[in-house]
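Working through the structure, step by step
Single-letter residue listing:
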Amino acid sequence: MGEVFLDGVVKRFGRVTAVNGVTLRIRDGEFFVLLGPSGCGKTTTLRLIAGLEFPDEGRIYIDGEDVTYKDPKDRNVAMVFQNYALYPHMTVFDNIAFPLYMRRRELGLTKEEIRKRVVEVARLLRIDDLLNRKPGQLSGGQQQRVALARALVRRPRVWLMDEPLSNLDALLRLAMRAELKKLQKDLGITTVYVTHDQAEAMSMADRIAVMNEGRVVQVGSPEDVYLEPRHVFVATFIGAPPMNLIECKIVEGVGPNPALECPGFTRPLPGDAARVVEARGIKSVYLGVRPEFIAISKAETPGSIPGIVYVVEPLGSEHVVNVNIGEDTILKVKVLGLREKLRPGDKVYLNIDWSKVKIFDKATGEVLA
Ligand code: ATP
């Protein structure tokens, strides 16, 4: 078991409120990612769960037990932090085995069982050929994997990880993501994982909490936060390239509903958004559409939006075409291969998949529909 519950947690450092009223229920066995930009409070949240910091307000529970002011050693969690410290005088093997040696009696493990576990996890992290070395004889990325192995060798209630793959090169990082996810699923140990890398979060998480300025903006599955962002912040933080945001004015429509006046086109507001807009007196919105939900063509069709190609970015299997619409609005359009060669200056027509569009209040950033 390893359910983690943060209830209205606040943490201040002097005048800085690092964590500002965070409530999260992390399910048993879940791979849960805290995602957000630098300084948003991810690490502090993790340190609060670990017991390395105590909150100013709120409570923290693990499996229903109030651990708010308990010492790290009494929480049965294993941590791996960005600034890992290895024991310099010990070999890699002993560094990894250390937490098991410390609690050998309590865990009821024989020396052979410890050895097996250490070798197993070292193999998984591809450091099994380094077991006899000392940390000083390792690269930064190898040291980071030793620190990760030292956390993974334990079977605690919760694994807490702060950017544990940040020092690895791109290829190894991809491989380690997959290994870590597989191990976590095999063992079913609840994991709270901190990263600022949205691709990493999307690829590993069961659920993601997107954080900004000490608060949780949205919690959901990777699909949820990608397809149903509840705030402009989530729409633009997740996705590469991020969601297009088109600034539009609310104007009188032809029928009973108001209309959207956008750069290069006008469009009636859907009923549910129209009701919110009228109730709150909203005057301007962002129309949000992901780059893959816009089709591009050289032929005009009814309702298509005219534009001029600004630049084409080839990304291997796909292209991102930047298209100028209106006076100075650029939309990014993602296409798999290009049937027709597009060049800057070409006249094109865009068709937005309106079923996938999000409308955000420009003033608050919150989604309307
Ligand atoms: P990063 O991705 O850069 O590590 P983060 O999202 O993990 O960022 P935190 O490290 O949790 O952010 O920091 C949140 C805020 O709290 C920041 O403004 C930071 O400067 C501040 N902060 C964190 N620890 C302390 C501390 N010990 N003393 C003072 N301020 C702190």
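You'll find the structure just up there.
Keep in mind it's a predicted model, so treat the numbers as computed, not measured.

A separate point is the pattern of salt bridges. Any two side chains of opposite charge can pair, so long as their charged atoms come close to each other. Under the counting rule described, the total for this entry stands at 28 salt bridges. Ionic pairing is found between Arg27 and Glu30, a salt bridge with its closest N-O pair at 3.8 Å. Judged by its relative accessible area of 49%, Arg27 falls in the partly exposed class. Residues joined by salt bridges that share partners form a network here, namely Asp63, Glu65, Lys70 and Arg157.

The next thing to look at is the environment of Arg157. Here Arg157 is to be found in the loop between helix 5 (140-152) and strand 7 (158-162). Sequence-wise, Arg157 and Ile62 are 95 residues apart; in three dimensions their C-alpha atoms are separated by 8.3 Å. Once you skip the residues sitting within four places of it in the chain, Arg157 turns out to touch Met1, Gly2, Ile62, Asp63, Glu65, Val67, Arg75, Asn76, Ile189 and Thr190.

Position of Glu30 relative to the elements: it lies in the loop between strand 2 (16-26) and strand 3 (31-35). Its relative accessible area of 5% is what places Glu30 among the buried residues. Polar contacts involving the side chain of Glu30 include one to the main-chain amide nitrogen of Arg27, which spans 2.8 Å. Within the structure, the side chain of Glu30 is placed 2.5 Å from the side chain of Arg207, a separation counted as a polar contact. Residues within four places of Glu30 in sequence aside, it is in contact with Arg25, Gln184, Ile189, Thr190, Thr191, Asp206 and Arg207.

Two measures define how a pair of helices packs: the angle their axes make with one another and the distance between the axes. As a packed pair, helix 5 and helix 6 (residues 170-187) sit with axes 13 Å apart at the nearest point and diverge in direction by 5°. With respect to their mutual orientation, helix 5 and helix 6 come out roughly parallel. Within the contact between the two elements, helix 5 uses Arg145, Leu148 and Leu152 and helix 6 uses Leu172, Met176, Leu180 and Leu183. Counted by class, the contact of helix 5 with helix 6 contains six nonpolar, no polar and one charged residues.

Our focus in this paragraph is the packing of aromatic side chains. Taken as a whole and assessed by the stated rule, the structure comprises six aromatic pairs. Summarising the aromatic geometry, the rings of Phe5 and Tyr61 are spaced 5.8 Å apart at their centres and angled 20° between planes, so their arrangement reads as stacked. Of this pair, Phe5 sits in strand 1 (residues 4-13) while Tyr61 sits in strand 4 (residues 57-62), placing them 56 residues apart in sequence. Residue class for Phe5 comes out buried when judged on its relative accessible area of 17%. Among the residues examined, Tyr61 registers a relative accessible area of 22% and is labelled partly exposed. Measuring from ring centre to ring centre gives 4.8 Å for Tyr87 and Phe98, while their planes differ by 55°; the resulting arrangement is tilted. One end of the pair, Tyr87, is in the loop between strand 6 (77-80) and helix 2 (92-102); the other, Phe98, is in helix 2, and eleven residues separate them in sequence. Tyr87 sits in the partly exposed class, given a relative accessible area of 30%. Above the ring of Phe5, the side-chain terminus of Arg25 is found at 4.0 Å from the ring centroid.

Under the definition given, this model contains one disulfide. A sulfur-sulfur separation of 2.3 Å characterises the disulfide bridge that pairs Cys248 with Cys262. On the S-S bond that ties Cys248 to Cys262, the torsion sits near 110°, and the link is right-handed. With Cys248 in strand 11 (residues 244-251) and Cys262 in strand 12 (residues 259-262), this residue pair connects regions lying 14 residues apart in the sequence. Of the two residues examined, Cys248 and Cys262, each falls in the buried class.

So, about the pairing of strand 15 (residues 294-297). Of the two faces of strand 15, only the one carrying Ile294 and Ile296 is buried; Ala295 and Ser297 on the other face are not. Here strand 15 runs beside strand 19 (residues 347-352); their pairing, made up of four bridges, is antiparallel. Considered in strand 19, the bridge of Ile294 is made with Ile352.

This paragraph deals with the packing of helix 2 against helix 4 (residues 111-124). Two numbers describe how helix 2 lies on helix 4: the axes approach to 10 Å, and their chain directions differ by 130°. In terms of orientation, helix 2 and helix 4 fall into the oblique class. Helix 2 and helix 4 meet at a crossing whose hand is right-handed. For the pair formed by helix 2 and helix 4, the contact residues are Phe93, Ile96, Ala97, Leu100 and Tyr101 on the first element and Ile114, Arg115, Arg117, Val118, Val121 and Ala122 on the second. Considered class by class, the residues forming the contact of helix 2 with helix 4 number nine nonpolar, no polar and two charged.

Analysis parameters
- Residues numbered from 1 in each chain as written.
- Predicted model: local features only at pLDDT ≥ 70, side-chain atom pairs only at ≥ 80, totals over all residues.
- Heavy atoms only, no water.
- Salt bridge = Lys/Arg side-chain N within 4 Å of Asp/Glu carboxyl O.
- Buried < 20%, exposed > 50% of the residue type's maximum accessible area, 1.4 Å probe, protein only.
- Helix = DSSP H or I, 4+ residues; strand = E, 2+ residues; numbered from the N terminus.
- Contact = heavy atoms within 4.5 Å.
- Polar contact = N/O pair within 3.5 Å; in protein donor to acceptor, adjacent residues only side chain to side chain.
- Axes fitted to C-alpha atoms, helices over the stretch in contact; angles between N-to-C directions.
- Parallel < 35°, antiparallel > 145°, perpendicular 65-115°, else oblique.
- Nonpolar A, V, L, I, M, F, W, Y, C, P; charged D, E, K, R; others polar.
- Phe/Tyr/Trp six-rings, centres within 6.5 Å; stacked < 30°, edge-to-face > 60°.
- Lys NZ or Arg CZ within 6 Å of the ring centre and 35° of its normal.
- Disulfide = S-S within 2.5 Å.
- Pairing = 2+ DSSP bridges.
- Left-handed = near helix turned anticlockwise from the far one by under 90°.

Interpretation in functional terms is not warranted from these geometric data alone.
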